[in-house]
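Structure at a glance
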Amino acid sequence: MNVLAATPDAKALLDDMIVCPQCDAAYRMHKPQKGEVATCQRCHKVLIAPRRNAGLYIIAVALAVLFLIMGAAVFPFLTIDAAGNKNAVSILDAALAFSGGPMIFLSLATAALIIFVPLLRVLLILYVLIPVVLDKPAARYAIPAFRLSEDLRPWSMAEIFAIGCAVALVKVADLAQVGFGPAFWMFGILVVLVIAQDSFMCKWSVWYRLEHPKKS
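Here's what I pulled together on the structure shown here. (Residues numbered from 1 in each chain as written. Predicted model: local features only at pLDDT ≥ 70, side-chain atom pairs only at ≥ 80, totals over all residues. Heavy atoms only, no water.)

1. Let's talk about the side chain of S149
Put simply, the test is: Strands are runs of DSSP state E lasting at least two residues, helices are runs of H or I lasting at least four, and both sets are numbered from the N terminus onward. Whether two residues are in contact is decided by their heavy atoms: any pair within 4.5 Å suffices.
Assignment of secondary structure puts S149 in helix 5 (residues 142-151). Residues in contact with S149, not counting those within four places in the same chain, are R121, L124 and I125.

2. Notes on the packing of helix 2 (residues 54-74) against helix 4 (residues 104-133)
Note the threshold: Every axis in this analysis is a line fitted to C-alpha atoms, fitted for helices over the stretch in contact. Angles between the N-to-C directions lie between 0 and 180 degrees. Roughly parallel means an angle under 35 degrees; roughly antiparallel, over 145; roughly perpendicular, 65 to 115; everything else is oblique. A crossing counts as left-handed when the near helix is turned anticlockwise from the far one by less than a right angle, and as right-handed when that turn is clockwise.
Axis separation between helix 2 and helix 4 bottoms out at 9 Å; the angle between their running directions is 150 degrees. As summarised for this structure, helix 2 and helix 4 are arranged roughly antiparallel, according to the angle between their axes. Our pair here, helix 2 against helix 4, has a crossing hand that is left-handed. In contact with G55, L56, I58, I59, A62, L63, V65, L66, I69 and A73 of helix 2, helix 4 contributes I115, P118, L119, V122, L123, I125, L126, L129, I130 and V133.

3. Things to note about the environment of M186
Inspection of the secondary structure puts M186 in helix 7 (residues 182-200). When the C-alpha positions of M186 and M70 are compared, they lie 9.7 Å apart, and in sequence the two are 116 residues distant. When sequence neighbours within four positions are dropped, the list of residues in contact with M186 reads L68, G71, A72 and F75.

4. A word on a nonpolar patch on the surface
To keep it simple, the criterion reads: A patch consists of residues exposed above 30% relative accessible area that lack any salt bridge, with like charges linked at up to 9 Å and nonpolar side chains (Val, Leu, Ile, Met, Phe, Trp, Tyr) linked at up to 5 Å. Using the Shrake-Rupley algorithm and a 1.4 Å probe, accessible areas are obtained, with residue cover drawn only from the displayed protein chains. Within this document, salt bridges are pairs made up of a side-chain nitrogen of Lys or Arg and a carboxyl oxygen of Asp or Glu, the two lying within 4 Å of each other.
A cluster of nonpolar side chains, L63, F67 and M70, forms an exposed patch at the surface whose accessible area comes to about 300 Å². By secondary structure assignment, the location of M70 is in helix 2.

5. Points about the side chain of R121
Put simply, the test is: Buried, partly exposed and exposed residues are distinguished by accessible area as a fraction of the type maximum, computed with a 1.4 Å probe on protein chains only: under 20%, between the cut-offs, and over 50%, respectively.
Structurally, R121 is set in helix 4. Judged by its relative accessible area of 3%, R121 is buried. Residues contacting R121, with those up to four places away along its chain left out, are S149, E150, L152, R153, S156 and D198.

6. Section: the packing of helix 4 against helix 8 (residues 203-211)
At a closest axis distance of 11 Å, the pairing of helix 4 and helix 8 adopts a crossing angle of 70 degrees. Between helix 4 and helix 8, the angle is such that the two are roughly perpendicular. At the point where helix 4 passes helix 8, the crossing takes the left-handed sense. Residues V128, L129 and V132 of helix 4 touch helix 8, and the partners they reach there are V206, R209 and L210.

7. Quick look at the pattern of salt bridges
All chains considered together, the criterion is met by 2 salt bridges. Across the pair R209 and D135 runs a salt bridge whose closest N-O atoms are separated by 3.7 Å. In this pair, R209 sits in helix 8 while D135 sits in the loop between helix 4 and helix 5, placing the two residues 74 residues apart along the sequence. Residue classification places D135 among the partly exposed residues on the basis of a relative accessible area of 44%. Its salt-bridge partner being E150, residue R153 comes within 2.8 Å of it at the nearest N-O pair. Overall, the relative accessible area of 17% leaves E150 in the buried class.

8. Some words on helix 8
This is how it is decided: Within this analysis, the arc is defined by the directions that extend from the helix axis to the C-beta atoms.
Among the residues of helix 8, those classed as buried are W204, V206 and L210. End-on, the buried residues of helix 8 take up no more than an arc of 160 degrees, which puts them together on one face. As for helix 8, its buried residues are in contact with strand 1 (17-19), strand 4 (46-48), helix 4 and helix 5.

Shown next, in the form of structure tokens:
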């Protein structure tokens, strides 16, 4: 078995390699120009998609997501009127509805997946991207912060909660009069913005800037 020695030439060779995260195909990296897209020839996964001023757009969307998460967590999400009894519930109230006894762990996990994990992700993205977009040296621990934000991506389940709410509303609509509070519309916009933010971000560009920081 041949072992590649850790020589400067070998390091440069490894720096020029890119691996598809979906099918593990390896390629010699050629950075595309603005507006061009590099895709995997085997599975057609987009590997590199640099966009002009993408960092500014992502920061703007992240700030909007941040305010929407905080608003959606505290404002009424649904109002239910059944037999003259009216009640309003927020997302945080719904997540912590089973906070007594052993079900508290389920409540905390639900609140984390719906609110706290998306909130932590957006804070990490802002922490990483703001210095990069301003052409400043990367923030301290920016690389592990961005890695953590990517690791948390599968656990950010705001859109799953939205689908669950839609199913529940269909079943409850025949039993009670259901109204939508401000948090409902905030959460709907939030889900769209989170999906747009993840699809618009070129992760390779972020990693490249973090691993090749500009000197102050």
